[in-house]
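Each chain is listed here by its residues.
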Amino acid sequence: MKLGLIAGNGKFPFLVLEAARAQGYDVVVAAIREEASPELASRGAASVHWLSLGELSKLIDTFKAEGVSRAVMAGQVKHKQIFSSIKPDWRLAKMLLSLGTRNTNSLLGAVAKVLADEGIVLENSTALLDPLLAKAGVLSKRAPGVEERKNIEYGRAVGLRLAEYDIGQTVVIAAAACVAVEAMEGTDATIERAGALMRSLNESQDSILESRSELGAASTLSRALTVVKIAKPKQDMRFDVPVIGLKTIETLSRAGASCLAIDAGRCLLLDGDAVIRAADDAGIAIFAE
């Protein structure tokens, strides 16, 4: 049995490759040169082919030559790449010109259709990794507190509207106020931006209080961040599935976040139990619903 793997960046492609091999698949990897790790070449795939983000025809020709009729996408491809210096081949250029909007769903959905028209069916990227999907409930030792629950409720309301337009998956909340929303920059950059903003507010307040000698009059508003990462209302599990890994927890800790809320059954914990242990060590509550 052969399975094609279209590999972007991060750990996701490695997990899919490992799981597919464990189930007896010969995995043909189409590694995106601008995104994928060179280490993929040494992980036991039947073959690894490197291609540029703009080479849609080469992707199709490669899979056909290898006898691949089923494939999965795994790993991030940064949305901002569509504005980079990549040169689309004729097939990709034609596809891009046909799109009304160039958000993630329309871009990847169009790629999936082109592949299907050529006899290559894209399957759910999480099909081989079901044990890594977040289970419902409190996943960390510490449950979210009252204020964090309020932040989660508000963050989910904002995030669902954001996801409705396929703009981003992440919202950062503090004291029931929206601090940052994700667009093309990605989850980690959004969290880092929120952390930098809150640090600048803290520094400004400290400076004002010192000048007035009113050190006891600090703001009663909580500066701890709650990060809400959600799937789209009609999430296509073939691509752009929300993922959380150890790097995410490290970013949350640096930014001063105390809570992370995710979607149960629709968010992958890429590093499994290690994510939960890292969150516990950092005092971060993780809640899935």
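Above this note sits the structure.
Being a predicted model, the structure only gives us computed values, none of them experimental.

(A) Quick look at the sheet that holds strand β4 (residues 70–74). In space, the 5 strands of this open sheet follow the order β3-β2-β1-β4-β5, with parallel pairing throughout. Looking at which strands have only one partner, the edges of the open sheet turn out to be β3 (47–51) and β5 (121–122). As defined by bridge partners, strand β1 (residues 2–7) adjoins strand β2 (residues 26–32) across 6 bridges and the pair is classed as parallel. Across the sheet, the residue bridging to A7 is A31, located in β2. Sheet strands in contact with helix α1 (residues 12–22) are β1, β2 and β4, and its direction is about 175° off that of β1.

(B) Looking closely at the pairing of strand β7 (residues 170–174). Taking burial as the measure, the 5 residues of β7 include 5 buried ones, the bulk of the element. Residues T170, V172 and A174 point to one face of β7 and V171 and I173 to the other, with burial holding for every one of them. In terms of strand pairing, β7 meets strand β9 (residues 225–229) through 4 bridges, oriented antiparallel. Looking at β9, one finds that T170 is bridged to K229. Sheet topology note: the β7/strand β8 (residues 177–181) ladder contains 4 bridges and is antiparallel. By the bridge assignment, A174 is partnered in β8 with A177. Linking two consecutive strands that pair antiparallel, namely β7 and β8, is a turn of 2 residues; a positive phi of about 50° is found at A175 within it.

Scoring rules and cut-offs
- Residues numbered from 1 in each chain as written.
- Predicted model: local features only at pLDDT ≥ 70, side-chain atom pairs only at ≥ 80, totals over all residues.
- Heavy atoms only, no water.
- Pairing = 2+ DSSP bridges.
- Helix = DSSP H or I, 4+ residues; strand = E, 2+ residues; numbered from the N terminus.
- Contact = heavy atoms within 4.5 Å.
- Axes fitted to C-alpha atoms, helices over the stretch in contact; angles between N-to-C directions.
- Buried < 20%, exposed > 50% of the residue type's maximum accessible area, 1.4 Å probe, protein only.

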